[in-house]
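Commentary on secondary and tertiary structure
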Amino acid sequence: MKRQNERFLQQDYEVIVVGGGMAGLCAALQSAREGVKTALIHARPVLGGNASSEVRVHISGADHSLVQPDYAESGILYELMLENKARNDNFSYSTWDLVLFEAVKKQENLTVYFNTVMYDCETEGNKITAILCVQETTEMRYRFKAPIFVDCTGNGTLGYYAGAEYRQGSESKAETNEMHAPEQSNNERMGNTIFFKARDMGHPVKFTPPYFAKKYTEEDLKYRMHCATHKVDYSTCIDPEKNEKTGGVSSRGIGYGHFWIELMGDKDDIITDYENIRDDLVASLYGVWDHIKNGGDHGAENYALEWVGMLPGTRESRRLVGDYLLSETDILSNRNFDDAVCYGGWCVDLHTAHGLLDLHRHPSGDCYYFDGIYTIPYTSYYSKNIENLFMAGRNISATKLGMCSTRIIGCCAIGGQAVGVAVALCKKYNCNPRELNSHVQELQQILLKHDGFLPNVKNTDSLDLARKAEFFASSYIENCEPNKVIDGYSRKLGDDMHAWVSNGISSSGESLTMKWDESKTITELRYTFHSDFSYPIRVTMSPPRQKQQRIGVPLELVKDYDVIFKNKGEVVKTIEVTNNHQRHNVLKFEPITCDSVELLVKSTNGANEVTVFEVRAY
Ligand SMILES: Cc1cc2nc3c(=O)[nH]c(=O)nc-3n(C[C@H](O)[C@H](O)[C@H](O)COP(=O)(O)OP(=O)(O)OC[C@H]3O[C@@H](n4cnc5c(N)ncnc54)[C@H](O)[C@@H]3O)c2cc1C
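Residues numbered from 1 in each chain as written. Predicted model: local features only at pLDDT ≥ 70, side-chain atom pairs only at ≥ 80, totals over all residues. Heavy atoms only, no water.

1. Points about the environment of Val282
Looking at the secondary structure, you find Val282 in helix H6 (residues 274–294). The exposure class of Val282 is buried, given its relative accessible area of 9%. Between the C-alpha atom of Val282 and that of Phe212, which follows or precedes it by 70 residues, the distance is 8.8 Å. Setting aside its immediate chain neighbours within four residues, Val282 contacts Ile194, Phe212 and Met310. (Helix = DSSP H or I, 4+ residues; strand = E, 2+ residues; numbered from the N terminus. Buried < 20%, exposed > 50% of the residue type's maximum accessible area, 1.4 Å probe, protein only. Contact = heavy atoms within 4.5 Å.)

Below is the structure:
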C-alpha cells in the first residue's frame, strides 16, 4: 500500500517564534512591526497561553496589584488590554481571545500557525537550522527555517530539543548565595493548576461528583479559603454610581476557582508527568467542589459550575540558561542593569511545592516582598550555548527564585516585546543575539519609542524631531508645562506627572503646539496619552478584581482630536482622529513639510483635563 505523506511543506522566515503565550505573542507582534518576516508557531487554537480562555490566569505585573501603579507595563501588552477594555466590560474570555486573534490577523509581516506543534528541531553545530512541526487540523507537516528562533514555549522546549543548557528546580544557597535558596539544590517545583468558574443561579443547585473525585474534609482545607462568604480587603472597589474608587471589603467568593488546586506530580519531570497531573487535578477540583457543595455550609447552595479548565496551566518547568542568570538577590536589591531591557516588580512568589499534597502548609508558601522594581538584563534573553536562540517568558535565564517573580505575565510580555526588537536589530546588523550586546542602548531606545518603559532610561532618540521643538499650550497647570512632553519620560513617576496637563477643557478644546525654528519634513507622530494606571483594566474571572474596575475605557484618555500641520502660518494638512481609546497613538502619513504641529484635543473619555505624556516626531 502507498504511504501517504504528501502534505509536507518547507517555509522560510526571518524569525520563528515558538509558543503564542503573552511572551511569544508580544515578541512576534513587535518583530513583525519592525519589518521582520515573522512566523508564530502555536500549539493551541487561541492565543495567550495561560492568559487565554483555555486557562484563564489573569495578567498581573510590576504594579503588584495596584500597590505601585506607576510601574504598570505599557507597550503592546497594554495596547491589547486597552483594546479589550474598549469592547469587553463583561470580562468575556471569548472577547479577549478575539482581541488577540484580531491583533495577529491585522499585523503585516506576521503569519500565525495555530494548532501547530513543534515536535523537533534540526541543528548544525551550535545553531538551530529548522524546526519540525505538525498542524493537527490539516494533517500538514512543516519544516520552518530561519536565521533566528525565539523559544516562548514556557517549558523551554525548543532549547531542550536543540541541546541548550537549562535548569529546573532550585539552586542551592552555596551556588547562588540567594537569601531564600535552600541549603541543598532540589527538584521541587511549583505545581500546575486548573481553574473553574462558578455562578450563583439564584436557586438551589445540586452537584453529583464523578466517581473519581477526591474526598476533602474541612480539616483538610483549613489553610485554603473555600467559602462563598470569605471576605478579602481589596480596598479599591468601584462605586458603580460614581465609577470611581470607594474603598471597601469584597467577598472573594468562589466564582474564580482556586489557585491552590495545584499539583507538581510525583515524577522527577513535571513535563513528562503532565497528563497524570491533569487527571489528579481534575479529581482534586471535583473533590474540592464536592466538599464546597455537599460537605457543610459554604454559602454555595445556589452555585453551579459553569466552566472547568481542562488544560492545566504550568507555573514552573525548565529555565534556559543565558549569559546571565537573574537571581533573587538582583530582585530584592532593585538591581538596575546598564543593559536592562525589561523590568519586574512582583514579589518572589514561591508556592508550596506539593500543593494539595501538603495540606499542612499555606498554599502560597512564601512570598518575599520588596518595594519598587528591578530590571532584567539583555543577557538573560538569549541562550548561552545555542547561538541563534532567544527566549522570552517564564523560561528565561533566571534562578528558581528569580523566576518566582519574572514568571508574572506582565513581565513575560514586555520581555517578549524587547526580544522582538532585538530580533529586528539582529537582522539590521546581521549578527547573532550575543553579538548584539554592543547595540543594547539602541534596543532600549526603540523599546521606549514603542511605549516601553525602563527605569532610568530616558528618550534620547536623536531622530526624534520633537526633542528639538518648543511647545506651547492653550493652558496648563503648575509643574505640567507644555515642554514636559519632551522631558524623556512618558508616564507619571512619583510626584512628577512628566506630562502636559491642561487647566480644564474649554469649549473650543485644548491645544498643544510643537514649533520649530525652521521647517521640517515628517512622516510620523507619536502621542502618549494618560490612562491612569491606578485603575486596572485586565480581563479577570475574579469577582473582587472585577469590582476594582471602572466601566468603559479610562476616562483620562484623549478621545477626539485634530492634528493641524502648518508651514509659515498656512495650514498644510489636518488629520482628524475620533473615538480614540489607546494610550499610545501612532500616526503615519506621506511626508509633510511644516514648522508647527498643533494637537487640538476636542474631548477626552470623561476627564476634565487633557494629559499628554509624550510627543514624538519623525
Ligand atoms: C494557575 C496559575 C496561576 C497563575 N497566576 C498568575 C497571576 O495571577 N498573574 C500572573 O501574571 N501570572 C500568573 N501565573 C504565571 C503565568 O501564567 C505564567 O508564568 C505565564 O503565563 C508564562 O507566559 P509564557 O508566555 O512564558 O508561557 P505560557 O503562557 O505557558 O504560553 C506558552 C504557549 O506556548 C505554547 N507551546 C508550548 N510548547 C509548544 C510547542 N512545542 N509548539 C507550539 N506551541 C507550544 C503553549 O501551548 C502555550 O500556549 C500563573 C500561572 C499558573 C499556572
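2. Some words on the site of the ligand
Neighbouring residues of the ligand: 32 residues in total, closest Asn50, His58, Ser60, Arg407 and Ile409. Between the ligand and Ala43, the relevant distance is 3.1 Å, taken from a nitrogen atom to a main-chain nitrogen or oxygen of the residue. Within the backbone of Arg407, one N or O atom sits 2.5 Å away from an oxygen atom of the ligand. If the ligand stood free it would expose 990 Å²; the protein chains cover 90% of that surface. Listing elements by their share of the shell around the ligand, those giving two or more residues are helix H1 (22–33), strand E5 (116–124) and helix H9 (409–429). The element contributing the most residues to the shell around the ligand is E5, with three residues. Taken together, the residues of the shell around the ligand sort by class into 14 nonpolar, 14 polar and four charged. (Near = heavy atom within 4 Å. Polar contact = N/O pair within 3.5 Å; in protein donor to acceptor, adjacent residues only side chain to side chain. Areas by Shrake-Rupley, 256 points an atom, 1.4 Å probe, with all protein chains shown as cover. Nonpolar A, V, L, I, M, F, W, Y, C, P; charged D, E, K, R; others polar.)

3. Digging into a nonpolar patch on the surface
A surface patch of nonpolar side chains, about 210 Å² in accessible area, is lined by Val117, Tyr119 and Val134. On the secondary structure map, Tyr119 appears in strand E5. Under the relative-accessibility criterion, Tyr119 is labelled partly exposed at 37%. (Patch = residues over 30% accessible without salt bridge, like charges linked within 9 Å, V, L, I, M, F, W, Y side chains within 5 Å. Salt bridge = Lys/Arg side-chain N within 4 Å of Asp/Glu carboxyl O.)

4. Comments concerning the pattern of salt bridges
A complete count under the given rule lists 35 salt bridges for this structure. Among the salt bridges present, the one from Arg167 reaches Glu175, with a minimum N-O distance of 2.8 Å. The class of Arg167 is partly exposed, set by a relative accessible area of 21%. For Glu175, a relative accessible area of 46% puts it in the partly exposed group.

5. Considerations on helix H10 (residues 440–449)
Because the α-helix completes a turn every 3.6 residues, residues three or four places apart line up on one side. Counting buried residues in H10 gives eight out of ten residues, a clear majority hidden from the surface. Three or more residues of H10 are buried, namely Val440, Leu443, Gln444, Gln445, Ile446, Leu447, Leu448 and Lys449. Where H10 is buried, its residues meet strand E19 (340–344), H9, strand E26 (510–529), strand E29 (584–604) and strand E30 (611–617). Phi turns positive one or two residues past the end of H10, at Asp451, with a value near 65°.

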